[in-house]
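Coordinate inspection notes
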Amino acid sequence: MGYQNLLIENRGPVRRIIINRPEKLNALNHVTVNELHLAFDQAAAEDDVRVVVLAGAGGKAFVAGADISELNGLSPVDALAFSRRGQALMLKIEHLGKPVIAAIGGYALGGGMELAMSCHLRIGSEKARLGQPEIALGLIPGFGGTQRLLRLAGRAAALELCLLGDPIDATRAHVLGVLNQVVPTEALEETVNALADRLAASAPHALRGVLDAVIVGGECGLQQGLDYETQAFAVCASTEDMREGTAAFLERRKAAFSGR
Ligand code: COA
């Protein structure tokens, strides 16, 4: 499928989705949000895709936010639809059932930070700058930023970042738990590729179980979350991969997971 603002690449079982509007620092306009919906639907539907990497083109930004030129004339009714459409994209990514890694090589602001926070792992280069600067536009985050930042980094950080709007550097984002890892700029792609390859070689039903238990179970009370975990654990026990993984350990060899 041809996209106007996305590049799609395959590295074996790893699908790379690259937001490609570098002249606008990959800002999320309507077209890009719609295309991301389609690209993630495609990644979810294709069994051969085991892991998704999301990145921005151009080396300067992951995504510098929602497209401000489209926000300027927004009516409240349009704003409601825009926020819901963006939130639905973030939920789609979060609930993809396959690991999604954000490779953040520069600005991840506003909708860009929200997009990154909907991914399951975030690797940043030393140049990464993350923030929720909407307050300077007389707005608040509308793609889930108030909620996901609160859950990832806690109330103090969520309030500070959203009330003041100042971006934070990669080191602070790592300390807050927003970035999983910070690497030198030249090592970002290699680090993300190695991580994606490692996940792609894992048992996909077990990966899905972890994602479900942590993300869906994490929103429930403890007992419901534990029930969720038990169900996912039992599903894993029905897979060939679980037999293979345990047998490989006992036979002191490397497991070869088939995805069944
Ligand atoms: N929406 C629309 N266009 C954007 C954008 C956004 N969120 N972020 C950057 N751009 C555009 C700029 O308008 C500029 O386009 P132009 O060359 O046609 O004028 C181009 O991208 C390059 O950005 P520029 O501001 O010149 O780069 P810079 O290096 O001086 O500054 C930033 C980089 C990220 C600090 C600055 O672009 C910025 O503050 N962007 C907005 C961030 C924001 O508020 N995001 C939240 C939106 S809800």
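The coordinates are above.
Observations concerning the sheet that holds strand S8 (residues 129-131)
- One open sheet accounts for four strands, arranged S4-S6-S8-S9; its pairing is mixed. Looking at the sheet topology across the chains shown, the edges are occupied by strand S4 (61-63) and strand S9 (168-169).
- Examined bridge by bridge, S8 and S9 share two bridges and lie antiparallel to one another. The residue of S9 that forms the bridge with Leu130 is Ile168.

Looking at the site of the ligand
- Surveying the vicinity of the ligand reveals 15 residues, the closest of which are Lys24, Lys60, Ala64, Ala66 and Ile68.
- In the environment of the ligand, a nitrogen atom lies 2.9 Å from a nitrogen or oxygen atom belonging to the backbone of Ala64.
- Contact between the ligand and Ala66: a nitrogen atom at 2.9 Å from a main-chain N or O atom of the residue.
- Computed on the free molecule, the ligand has an accessible area of 870 Å², of which 58% lies beneath the protein chains in the complex.
- Elements that contribute at least two residues to the shell around the ligand include exactly helix H2 (68-71) and strand S6 (107-109).

Points about the packing of helix H4 (residues 111-118) against helix H5 (residues 145-153)
- Across the interface, H4 lies against H5 with an axial gap of 10 Å and an inter-helix angle of 50°. Taken as axis vectors, H4 and H5 run oblique relative to one another. Crossing of H4 over H5 shows left-handed handedness. Contact residues: Met113, Glu114, Met117 and Ser118 in H4; Gly145, Arg148, Leu149 and Leu152 in H5.
- When grouped by side-chain class, the residues that make up the contact of H4 with H5 number four nonpolar, two polar and two charged.

What about the nonpolar core?
- Leu36, Phe40, Leu115 and Leu130 are the most contacted members of the largest nonpolar core, which totals 46 residues.
- Tallying contributions element by element places helix H1 (residues 30-45) first for this core, with five residues.
- Counting 16 residues, the second-largest nonpolar core is a separate cluster that includes Val53, Ile101, Ile123 and Leu199.

Procedures and definitions
- Residues numbered from 1 in each chain as written.
- Predicted model: local features only at pLDDT ≥ 70, side-chain atom pairs only at ≥ 80, totals over all residues.
- Heavy atoms only, no water.
- Pairing = 2+ DSSP bridges.
- Helix = DSSP H or I, 4+ residues; strand = E, 2+ residues; numbered from the N terminus.
- Near = heavy atom within 4 Å.
- Polar contact = N/O pair within 3.5 Å; in protein donor to acceptor, adjacent residues only side chain to side chain.
- Areas by Shrake-Rupley, 256 points an atom, 1.4 Å probe, with all protein chains shown as cover.
- Axes fitted to C-alpha atoms, helices over the stretch in contact; angles between N-to-C directions.
- Parallel < 35°, antiparallel > 145°, perpendicular 65-115°, else oblique.
- Left-handed = near helix turned anticlockwise from the far one by under 90°.
- Contact = heavy atoms within 4.5 Å.
- Nonpolar A, V, L, I, M, F, W, Y, C, P; charged D, E, K, R; others polar.
- Core = buried A, V, L, I, M, F, W, Y, C linked by side-chain atoms within 4.5 Å.
- Buried < 20%, exposed > 50% of the residue type's maximum accessible area, 1.4 Å probe, protein only.

Nothing here speaks to function; it is all geometry.
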